[in-house]
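Chain by chain, the residues:
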Amino acid sequence: MANRAYLYSANKELTKFRDVSEYPNEIPLFYKIILGSETQMSTSKIWNFELPIVITADFKNGLKKFYNFLDYLETQESVDKQKITEFKNETDDFFEKHPERELDLLFLEGGEIYDLVGDIYPLEEQNEALYDEIISISKDIDEILEKKPENVFDFNDIYWLQAIKDDINILSVYWTYVSYYSFNKS
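Just so you know, these numbers come straight off a predicted model, no measurement behind them. (Residues numbered from 1 in each chain as written. Predicted model: local features only at pLDDT ≥ 70, side-chain atom pairs only at ≥ 80, totals over all residues. Heavy atoms only, no water.)

## As for the overall build of the chain
Secondary structure assignment for the chain yields 6 helices and 5 strands. N-terminal to C-terminal, the α/β element order of the chain is β-β-α-β-β-α-α-β-α-α-α. In summary, the chain has a C-alpha radius of gyration of 16 Å against a globular reference of 16 Å for 186 residues, a match within 12%. Projected onto its principal axes, the C-alpha positions of the chain cover 50 × 40 × 25 Å. Sorting the 186 residues of the chain into buried and exposed places 49% on the buried side. (Helix = DSSP H or I, 4+ residues; strand = E, 2+ residues; numbered from the N terminus. Rg over C-alpha atoms; globule rule 2.2 N^0.38 Å. Buried < 20%, exposed > 50% of the residue type's maximum accessible area, 1.4 Å probe, protein only.)

## Some remarks on the nonpolar core
In this structure, F69, W160, I164, L171 and W175 are the most contacted members of the largest nonpolar core, which totals 48 residues. No other element matches helix α2 (residues 59-73), which puts 8 residues into this core. Non-local contacts of L171, meaning those with residues more than four positions away in its chain, are made with L29, F30, I33, F66, F69, L70, L73, F87 and I164. (Core = buried A, V, L, I, M, F, W, Y, C linked by side-chain atoms within 4.5 Å. Contact = heavy atoms within 4.5 Å.)

## Section: the environment of I53
With respect to the helices and strands, I53 occurs in the loop between β3 (40-42) and β4 (54-58). Distance in space between the C-alpha atoms of I53 and E125 is 8.4 Å, their sequence separation being 72 residues. Those residues in contact with I53, other than ones at most four positions away along the chain, are S42, S44, W47, L108, G110, G111, Y114, L123, E124 and N127.

## Considerations on the packing of helix α5 (residues 123-147) against helix α6 (residues 159-166)
In contact at an axis separation of 10 Å, α5 and α6 are set at 70 degrees when each is read in the N-to-C sense. Taken as axis vectors, α5 and α6 run roughly perpendicular relative to one another. Residues E133, I137, D140, I141 and I144 of α5 form the contact with α6, whose participating residues are Y159, W160 and L161. Residues that form the contact of α5 with α6 fall into these classes: 6 nonpolar, no polar and 2 charged. (Axes fitted to C-alpha atoms, helices over the stretch in contact; angles between N-to-C directions. Parallel < 35°, antiparallel > 145°, perpendicular 65-115°, else oblique. Nonpolar A, V, L, I, M, F, W, Y, C, P; charged D, E, K, R; others polar.)

## Details of the sheet that holds β3
An order of β2-β1-β5-β4-β3 is seen for the 5 strands of this open sheet, with the pairing classed as antiparallel. In this open sheet, the two strands that pair with only one neighbour each are β2 (17-24) and β3. This sheet shows a mean twist of 25 degrees between the axes of neighbouring strands, independent of strand direction. Of the strand pairs in this sheet, strand β1 (residues 4-10) and β2 are connected by 7 bridges, and their pairing is antiparallel. By the bridge assignment, S9 is partnered in β2 with R18. (Pairing = 2+ DSSP bridges.)

## Things to note about the packing of aromatic side chains
Within this structure, the stated rule accounts for 16 aromatic pairs. On the basis of an interplanar angle of 90 degrees and a centroid distance of 5.0 Å, the ring pair of F94 and F95 is categorised as edge-to-face. Taking 5.0 Å as the distance between ring centres and 70 degrees as the angle between the ring planes, the aromatic pair formed by F95 and W175 counts as edge-to-face. Taken together, the residues span a long stretch of sequence, with F95 in helix α3 (residues 81-97) and W175 in the segment after α6 at a distance of 80 residues. For the pair F95 and W175, a shared accessibility class is recorded, and that class is buried. Here the aromatic cluster, defined as three or more aromatic residues joined through ring pairs, consists of Y23, F30, Y31, F59, F66, F94, F95, Y174 and W175. (Phe/Tyr/Trp six-rings, centres within 6.5 Å; stacked < 30°, edge-to-face > 60°.)

## Thoughts on a nonpolar patch on the surface
A surface patch of nonpolar side chains, amounting to about 370 Å² of accessible area, comprises L116, V117, I120 and Y121. If you trace the backbone, L116 turns up in the loop between α4 (111-115) and α5. Looking at L116, the relative accessible area reads 39%, which means it is partly exposed. (Patch = residues over 30% accessible without salt bridge, like charges linked within 9 Å, V, L, I, M, F, W, Y side chains within 5 Å. Areas by Shrake-Rupley, 256 points an atom, 1.4 Å probe, with all protein chains shown as cover. Salt bridge = Lys/Arg side-chain N within 4 Å of Asp/Glu carboxyl O.)

Rendered as structure tokens:
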């Protein structure tokens, strides 16, 4: 098994999917941020599993949240602004080259990642924990963008912010035209 997280765009009816990203061995932070708008749990389209092991979110608003957060981070003195620009440019470039990928929803298939410890923690419980984490990160970002603290890294004691402070590359984007489980076929 490849042990990847797969991110797709999808229409509201979940009848059309397009590959947008995949990442090995974990669910990256940028997925957790862009999945933070109208977040819901759903069932898999690549696994034969009846319980919810998928996270869905509003595509447009999730991407907007990511951009707004990156824009705010650029105001921070200690942040590598060149890296932030790189993340935004990579995102812009991907969707400019592949506008057909801009559908209604984001659709995260995390089953392969969950399966890494599936014998210890049931897949659906891991998905629920990820859902809770995404909701928490989304609330943190909403509060940060509302209050706009002078130094975001002194704002509360938020673990994922400290991870960004330690290494801005944790926000790297991983857009891809074709994933291992590709929905790009007509």
